[in-house]
Amino acid sequence: MSSSTGTNDHPVHDLIGIGFGPSNLALAIAAVEHNDQANDTERVAVRFFERQPAFGWHRGMLLDDATMQVSFLKDLVTLRNPASSFSFLSYLHECGRLVDFINHKTLFPLRLEFHAYLEWASARVADLVDWGHEVTRLEPVLEGDEVVALDVTARELNADGTGREVTYRARNVVIATGLQPRFPEGISGSEHVWHNQQLLHRVEEIDVEAARRFVVVGAGQSAAEVTAFLHGRFPEAEVVSVFSRYGYSPADDSPFANRIFDPDAVDDFFEAPVHVKKLLMGYHANTNYSVVDGELIEELYRRTYQEKVVGRERLTMMNVARVEAVREQDSSVAVTVRSLTGDRTVDIDADLAVFATGYDPVDPLPLLGDLAAFCPPDTGGRLRVQRDYRVETTPGIRCGIYLQGGTEHTHGLSSSLLSTIAVRAGEILASVVAGTPSVQPAGGAKAPAAALRRLIS
Ligand code: FDA
Ligand code: NAP
């Protein structure tokens, strides 16, 4: 099933991935490992587009001391193929740190180290990626009334904003475009109003000596990390942390609750009726959302207490409060905060307001364009997604559209996380191999069971 020449001289790929973060990186590796063992008819031709010029994973939040929120064993491959040479342990072995890491006795490496691991893995499959290319549209390729392939168009992103367009043809596309920053309604980014996603990209703009006051909005992991970071980096400045809770709450990472991120939990969630899905999300949201790593909470508390003792309180919390408005001023921002207990407002004059108010999955619909007509939505207007992450389509479409991310409503909490990416990549690849007509033996049977087992296990 490897690349063949289609109509209009377009090479036809079995799979084109949009975005090359950890999800599609895991898929690229699954494809490489599959091809290594497959015979000529089983091989898949894959290609990926990534708009960044090189691999990067949330670089704006790569803080020196931040650690992973997931075990390193949930890396790009291990849960699918523990013998893979693309594991985090293989990376440590190759860079001569395996023994040191073992002595460290942790499951949670620094984010910087995991980023280096992801870069190392992506470098090994970099020839499969068109870097600096943003996919702008998908178009159906029709044969009669049937959609038999998809044209994927990407714009090359040059530094001056120009760039030529390229179009590749695919039998399947896998959309893994990740998350986008979320601001509260009525607030948007500006000179002195940032989302935490921008933090390290812009922090050099602020003079360490001159900074007087920062406001950090939110009480999730990002907010706590940004609060600690600004407080440490700007030793003369106040940091005011604004949130609606009474205090930061710890992430539930206890072992039974953690099962919600198991590969099997995806089956349970997927099969559950809608009201049970809602119950599960409610019970276990505190494993991931609006919660903070326990050690970081202790550290922030330690700092506030120490400052109380010393008599110079730079780190303060405005709890049970919401930011109501922000107003850009000449060289600062006025942040209006409403206390929810006394229903009073106060204006804070700050050098910068950082909104650590979460992320939303990027909506795939604008990319789908005319193809959306082939993808009937559910009652909530969202794409219907099958267990194998394939978007449900009308009968007239023979190619596959898969989602990695943006499937929390169907596949549960691990949808936007790293927990199941290794297994998910294997499942998607197995589905592509099984569903692509050219691998089906005569008679329309599925691809050989041995090949599928290799992909999933
Ligand atoms: P991700 O967002 O990483 O990648 C998407 C890629 O698509 C990007 O590289 C983007 O440039 C590209 N792209 C988007 N649109 C495109 C287009 N039109 N054309 C071409 N390319 C396009 N989870 C976890 O399990 N453990 C953890 O420790 C953390 N830590 C963490 C820290 C921070 C700061 C954040 C914000 C999030 C986490 N997460 C996390 C959750 C996070 O979503 C997860 O780690 C992965 O980033 C998910 O990988 P994806 O590849 O799906 O998306
Ligand atoms: P989050 O968990 O969704 O938290 C968002 C915070 O913003 C919440 O406290 C929320 O408060 C608040 N908020 C949302 N809308 C608001 C509004 N309109 N006004 C005021 N406050 C508002 O987001 P996150 O902290 O960015 O975490 C997102 C994901 O990234 C998680 O999976 C997290 O684990 C991951 N992450 C990981 C690391 C790491 O690995 N070290 C670092 C950062 C993030 P309410 O609850 O009151 O709405």
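Placed above this text is the structure.
Rules and cut-offs
Residues numbered from 1 in each chain as written. Chains lettered and ligands numbered in written order. Predicted model: local features only at pLDDT ≥ 70, side-chain atom pairs only at ≥ 80, totals over all residues. Heavy atoms only, no water. Buried < 20%, exposed > 50% of the residue type's maximum accessible area, 1.4 Å probe, protein only. Helix = DSSP H or I, 4+ residues; strand = E, 2+ residues; numbered from the N terminus. Pairing = 2+ DSSP bridges. Axes fitted to C-alpha atoms, helices over the stretch in contact; angles between N-to-C directions. Contact = heavy atoms within 4.5 Å. Polar contact = N/O pair within 3.5 Å; in protein donor to acceptor, adjacent residues only side chain to side chain. Core = buried A, V, L, I, M, F, W, Y, C linked by side-chain atoms within 4.5 Å. Arc of directions from axis to C-beta. Patch = residues over 30% accessible without salt bridge, like charges linked within 9 Å, V, L, I, M, F, W, Y side chains within 5 Å. Areas by Shrake-Rupley, 256 points an atom, 1.4 Å probe, with all protein chains shown as cover. Salt bridge = Lys/Arg side-chain N within 4 Å of Asp/Glu carboxyl O. Phe/Tyr/Trp six-rings, centres within 6.5 Å; stacked < 30°, edge-to-face > 60°. Lys NZ or Arg CZ within 6 Å of the ring centre and 35° of its normal. Parallel < 35°, antiparallel > 145°, perpendicular 65-115°, else oblique. Left-handed = near helix turned anticlockwise from the far one by under 90°. Near = heavy atom within 4 Å.

A separate point is the pairing of strand β4 (residues 46–50). The buried fraction of β4 is high, at five of five residues. Along β4, one buried face is formed by V46, F48 and E50 and the opposite face, lined by R47 and F49, is buried too. In terms of strand pairing, strand β3 (residues 15–18) meets β4 through four bridges, oriented parallel. Bridge pairing in β4 links I16 to R47. Of the strand pairs in this sheet, β4 and strand β5 (residues 129–131) are connected by three bridges, and their pairing is parallel. Counted as the bridge partner of F48 is V129 from β5.

Let us now look at the sheet that holds strand β9 (residues 172–175). Strand pairing in a sheet takes place through backbone hydrogen bonds and is either antiparallel or parallel in direction. The five strands lie next to each other as β5-β4-β3-β9-β20, forming an open sheet whose pairing is parallel. Every other strand in the sheet has two partners, leaving β5 and β20 (400–403) as the edge strands with one partner each. Across the sheet, the axes of successive neighbouring strands diverge by a mean angle of 15 degrees, strand direction being ignored. This element, helix α1 (residues 22–37), spans β3, β4 and β9 of the sheet and lies at about 160 degrees to β4.

A few words on the pairing of strand β8 (residues 165–170). Two elements, strand β2 (residues 11–13) and β8, share two bridges in a ladder whose sense is parallel. Bridging from a neighbouring strand, H13 pairs with A170 of β8. Summarising the sheet, strand β7 (residues 146–156) and β8 pair through six bridges and their orientation is antiparallel. Across the sheet, V152 pairs through a bridge with Y168, a residue of β8.

The topology assignment puts E50 in strand β4. Taking the relative accessible area as the measure of exposure, E50 reaches 7% and is therefore buried. Taking the C-alpha atoms as reference points, E50 and A237, separated by 187 residues in sequence, lie 38 Å from one another. With residues near it in sequence (within four places) discarded, E50 still touches G19, F20, G21, V129, D130, W131, G132 and H133. Looking at E50, its side chain comes within polar contact range of the main-chain nitrogen of Q52, at 2.8 Å.

Quick look at the nonpolar core now. One finds L25, F48 and L76 to be the most contacted residues of the largest nonpolar core, which totals 43 residues. If you list the elements that add at least two residues to this core, you get α1, β4, α2 (88–94), α4 (111–124) and α13 (421–435). Per-element accounting of this core gives the leading share, seven residues, to α1. Discounting residues that sit within four places of it in the chain, L25 has contacts with F20, F55, L76, L118, A121, S122 and V125. Residues M61, L199, A211 and F214 belong to the second largest nonpolar core, which totals 29 residues.

On to helix α8 (residues 263–271). Burial in α8 covers these residues: A265, V266 and F269. Down the axis of α8, the buried set is contained in an arc of 110 degrees. They therefore lie on one face. Turned more than 90 degrees away from the buried face of α8, the exposed residues are D264, D268 and E271. Those residues of α8 that are buried lie in contact with α9 (274–284) and α12 (408–411).

Further remarks concern a nonpolar patch on the surface. Taken together, L73, L89, L107 and F108 make up a surface patch of nonpolar side chains, about 320 Å² in accessible area. Residue position: L89 is located in helix α2.

This part covers the sheet that holds strand β17 (residues 345–350). With antiparallel pairing, three strands are arranged side by side in an open sheet as β15-β16-β17. A strand with exactly one partner marks an edge of an open sheet, and here the two such strands are β15 (321–328) and β17. Across this sheet, the average inter-strand angle for adjacent strands is 25 degrees, counted without regard to direction. Alignment of strand β16 (residues 333–339) against β17, held across six bridges, turns out to be antiparallel. Bridge pairing in β17 places R338 opposite T345.

Two descriptors summarise a pair of aromatic rings, namely the distance from one centre to the other and the angle between the planes of the rings. The final tally for this structure, using the stated rule, is 17 aromatic pairs. One aromatic cluster is present, built from ring pairs that chain together W57, F72, F88, Y91, F101, F114, Y117 and W120. In this structure, K277 packs its charged tip against the face of F270, placed 6.0 Å from the ring centre.

Position of N24 among the secondary structure elements: in helix α1. Of the polar contacts made by the side chain of N24, one reaches the side chain of Q404; its length is 3.1 Å. Apart from residues no more than four positions distant in its own chain, N24 is found in contact with G17, I18, G19, F48, V174, A176 and Q404.

Okay, the packing of helix α6 (residues 221–233) against helix α10 (residues 294–310) next. Contact pair α6 / α10: the axes reach a minimum separation of 10 Å and the direction vectors enclose 40 degrees. Considered as vectors, α6 and α10 are oriented oblique to each other. Helix-helix and strand crossings are classified by hand; for α6 and α10 the assignment is left-handed. The segment α6 lies against α10, with Q221, A224, E225, T227, A228, H231 and G232 engaging L296, L300, R303 and E307.

Taken together, 21 residues are adjacent to ligand 2, and A219, S222, E225, S244 and N288 come closest. Within the backbone of T67, a nitrogen or oxygen atom sits 3.0 Å from a nitrogen atom of ligand 2. Measuring from an oxygen atom of ligand 2, one finds a backbone N or O atom of Q221 at 3.1 Å. In the complex, the protein chains occlude 81% of the 910 Å² of accessible area that ligand 2 would expose alone.

Our focus in this paragraph is the site of ligand 1. In the neighbourhood of ligand 1, 28 residues make up the surrounding shell, with S23, E50, Q69, S416 and L418 lying closest. Q69 places a polar main-chain atom, nitrogen or oxygen, 2.8 Å from an oxygen atom of ligand 1. In isolation ligand 1 offers 980 Å² of accessible surface; the protein chains occlude 89% of this area. When residues of the shell around ligand 1 are traced back to their parent elements, those giving at least two are α1, β4 and β6 (133–143). Ranked by the residues each element gives to the shell around ligand 1, the list is headed by β6, at three residues.

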